[in-house]
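Analysis of the macromolecular model
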Amino acid sequence: MILIADCGSTKIDWCLINNNEIVERINTTGINAMMLSRDEIAARIAAELGPELKTPVESIDAVYFYGAGCISEEVCSNVASAISETVPAPVIEVATDLLAAARALCGHEPGIACIIGTGSNSCYYDGKKIVDNVSPLGYILGDEGSGAVLGKLLVGDVLKNVLPAHLCKSFLEEYKTDRLEIIRRVYREPGANRFLASLSPFLLKHIDEPSVHSLVLNAFKSFFVRNIHNYEGYEKLPVNFVGSIACYYSDVLTEAASLAGCKVGIILKSPMEGLIKFHARAL
């Protein structure tokens, strides 16, 4: 049996599979592997995953843990060691969320895999490993097309009265906010990226408005031009996506891809479905 984990800062989705069948699904509190010590991670997994697992841990042959922040050998080693205290499987592999996206979207075939959610990222995957990655740079310098950047563009256009007056008024009323509150949340409180991303649903709600459609379309075009165009042969490969923003805005994303000379392949809201298929082949 194989235990797969899709880990974010908010939650971890654990899935135990056997012979291509799901045995258990468990959700626990998320982990930022860069921010917690090895012992803190071990304690959290033991407290939250251990009591929920109905299957004896001795019958689990491998654990594949994918998480944001798992970007160095030291961090991955700490996470693997922490997991082993609760699930002492013979094989424990810890990797980035970007490899999870690549495996879920491309399987064992070459392709371009992207994440567009609160942040954005992309890579060229050769069917076995990530061989090229354009640095996402975060929502201040990059993260084009992400929920955080869409939210940033939205509040900028609202506060500068670029959007039509009725949309500006509607936004401020819907979120019960004003210029000073927005500036405080962005510049003086932690988690500005998550705050900005939380505002992006307003764009989806009003996507038929020409000004809103244009804002979102240009943001996605920027993602393709500033990221995907850096991969050799991008015009010949499918560009695949995982993430809530990519899923909810799939029509506009596909339109932007066409304008940028790219072709959209698979779009998944979560990588777990694809990861189950990928790892089931190894059983």
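Everything below is about the structure printed above this text.
A look at a nonpolar patch on the surface
The grouping of M34, M35 and I71 at the surface amounts to a nonpolar patch, some 380 Å² of accessible area in total. Tracing the sequence through the fold places I71 in the loop between β4 (62–67) and α2 (73–86).

A short note on helix α12 (residues 250–259)
For α12, the complete set of buried residues consists of V252, L253, A256 and A257. End-on, the buried residues of α12 take up no more than an arc of 140°, which puts them together on one face. Opposite the buried face of α12, at more than 90 degrees from it, the exposed residues are D251, S258 and L259. Buried residues belonging to α12 abut β6 (111–116), α10 (210–226), β9 (238–242), α11 (244–248) and β10 (263–268). Residue G261 follows α12 closely and has a positive phi angle near 75°.

Describing the nonpolar core
In this structure, V216, F224, I228 and F241 are the most contacted members of the largest nonpolar core, which totals 48 residues. Looking at this core element by element, the count peaks at eight residues for α10. In this structure, L16, A33, I45 and A80 belong to the second largest nonpolar core, which totals 28 residues.

Some remarks on the packing of helix α5 (residues 147–159) against helix α6 (residues 165–174)
Two elements in contact, α5 and α6, have axes whose closest approach is 9 Å; the angle formed by their N-to-C orientations is 115°. At the point where α5 passes α6, the crossing takes the left-handed sense. In this structure, α5 uses L154, V155, D157 and V158 to contact α6, whose residues at the interface are C168, F171 and L172. The class makeup of the residues in the contact of α5 with α6 is six nonpolar, no polar and one charged.

Focus on the pattern of salt bridges
According to the stated counting rule, one finds 12 salt bridges in the structure shown. For E189, the salt bridge is made with R185, and the minimal N-O distance between the two is 3.3 Å. Given a relative accessible area of 30%, E189 falls into the partly exposed group. Classification of R185 as partly exposed rests on a relative accessible area of 27%. Connected through salt bridges with shared partners, the residues E181, R184, R185 and E189 form a single ionic network.

Description of the packing of α10 against α12
Two elements in contact, α10 and α12, have axes separated by 8 Å at closest approach and are oriented at 55°. Taken together, the axes of α10 and α12 lie oblique to each other. Judged by the sense of rotation from one axis to the other, the crossing of α10 with α12 is right-handed. Counting all contacts with α10, which are made through H213, V216, L217, F220, K221 and F224, the residues of α12 involved are V252, L253, E255, A256, A257 and L259. Per-class residue counts for the contact of α10 with α12 are nine nonpolar, one polar and two charged.

With respect to the side chain of S120
With respect to the helices and strands, S120 occurs in strand β7 (residues 120–125). Side-chain polar atoms of S120 contact the backbone oxygen of D143, separated by 3.4 Å. From its side chain, S120 meets the backbone oxygen of E144 in a polar contact 3.1 Å long. Each residue touching S120, except ones within four places of it in the same chain, is listed here: I115, P136, D143, E144, S146 and F223.

Calculation notes
Residues numbered from 1 in each chain as written. Predicted model: local features only at pLDDT ≥ 70, side-chain atom pairs only at ≥ 80, totals over all residues. Heavy atoms only, no water. Patch = residues over 30% accessible without salt bridge, like charges linked within 9 Å, V, L, I, M, F, W, Y side chains within 5 Å. Areas by Shrake-Rupley, 256 points an atom, 1.4 Å probe, with all protein chains shown as cover. Salt bridge = Lys/Arg side-chain N within 4 Å of Asp/Glu carboxyl O. Helix = DSSP H or I, 4+ residues; strand = E, 2+ residues; numbered from the N terminus. Buried < 20%, exposed > 50% of the residue type's maximum accessible area, 1.4 Å probe, protein only. Arc of directions from axis to C-beta. Contact = heavy atoms within 4.5 Å. Core = buried A, V, L, I, M, F, W, Y, C linked by side-chain atoms within 4.5 Å. Axes fitted to C-alpha atoms, helices over the stretch in contact; angles between N-to-C directions. Left-handed = near helix turned anticlockwise from the far one by under 90°. Nonpolar A, V, L, I, M, F, W, Y, C, P; charged D, E, K, R; others polar. Parallel < 35°, antiparallel > 145°, perpendicular 65-115°, else oblique. Polar contact = N/O pair within 3.5 Å; in protein donor to acceptor, adjacent residues only side chain to side chain.

Everything listed here is a matter of coordinates, which is why it stays silent on function.
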